Amino acid sequence: MNSFMKCVNKTSRCAALFRGERLEEEGISGYQDVYILVVCNHPGISQDQLARRICVNKSNVTRQLTLLEQNGFVTRKPCPRDRRIMEVFPTDRALEILPKVREVNREWSDYLMEEFTPAEREQLIGMMERVMNRAVERLIRDRKGEPDA
């Protein structure tokens, strides 16, 4: 099993470096692209929901959102119904780079999968989705049922 996690972790780190190099001129890192994707697809998402959706600690989300806000990619506003909840919205700048973020992610995925047959791709994606779902289930169970993971 160590080999499996080694492969997953190394692939993830390589992906972040790839995205970081491709998105550097846009002003975001290889770890911030997921924030752009989620916030643009779910304007007004709360910071807590964002943390659960991308499986990142709340403190890391706060730190990254602060940087993204300083660089003009997101804005945070208190929720009108509950002022303790911060909602996150994309700015025009985030919406402008969204197509490039998607393209960089697609380019990476296409590169990784190019030597696989269509059947192998489907099978691998299906198995990785099962692995991901089990990981999320375990995280939710250990956190005592937090929704929206």
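Please refer to the structure placed before this passage.
First things first, this report covers the structure right here in the doc. Please read these numbers as outputs of a predicted model, since none were measured by experiment.

## Some points on the overall build of the protein chain
Here is step 1 of the chain: Along the backbone of the protein chain there are six helices and three strands.
Here is step 2 of the chain: For the protein chain, the sequential pattern of α-helices and β-strands runs α-α-β-α-α-β-β-α-α.
Here is step 3 of the chain: A principal-axis box enclosing the C-alpha atoms of the protein chain has dimensions of 50 × 40 × 25 Å.
Here is step 4 of the chain: The buried share of the protein chain, taken over its 149 residues, is 30%.
Here is step 5 of the chain: Pairs at least 24 residues apart make up 53% of the contacts formed inside the protein chain by residues separated by at least 6 positions.
Here is step 6 of the chain: For the protein chain, the accessible surface area stands at approximately 10100 Å², while carbon and sulfur atoms represent 52% of it.
Here is step 7 of the chain: Charged side chains in the protein chain number 25 positive and 23 negative. The centres of these two groups are separated by 8 Å.

## Quick look at the pairing of strand E3 (residues 86–90)
Here is step 1 of the chain: As judged from the two bridges shared by strand E1 (residues 45–46) and E3, these two strands associate in the antiparallel manner. If you follow Ser-46 over to E3, its bridge partner there is Glu-87.
Here is step 2 of the chain: With five bridges connecting them, strand E2 (residues 74–78) and E3 associate as antiparallel partners. By the bridge assignment for E3, Thr-75 is matched with Phe-89.

## Observations regarding the side chain of Glu-87
Here is step 1 of the chain: The residue Glu-87 is located in strand E3 in this model.
Here is step 2 of the chain: Although Glu-87 lies buried, it forms no salt bridge, and the closest oppositely charged side chain, Arg-81, sits 4.0 Å away as judged by the N-O distance.
Here is step 3 of the chain: When near neighbours in sequence (up to four residues on either side) are disregarded, Glu-87 contacts Gly-44, Ile-45, Ser-46, Thr-75, Arg-76, Lys-77, Pro-78, Cys-79, Pro-80 and Arg-81.

What counts as what
Residues numbered from 1 in each chain as written. Predicted model: local features only at pLDDT ≥ 70, side-chain atom pairs only at ≥ 80, totals over all residues. Heavy atoms only, no water. Helix = DSSP H or I, 4+ residues; strand = E, 2+ residues; numbered from the N terminus. Buried < 20%, exposed > 50% of the residue type's maximum accessible area, 1.4 Å probe, protein only. Contact = heavy atoms within 4.5 Å. Areas by Shrake-Rupley, 256 points an atom, 1.4 Å probe, with all protein chains shown as cover. Lys, Arg positive; Asp, Glu negative; His and termini not counted. Charge placed at Lys NZ, Arg CZ, Asp CG, Glu CD. Pairing = 2+ DSSP bridges. Salt bridge = Lys/Arg side-chain N within 4 Å of Asp/Glu carboxyl O.

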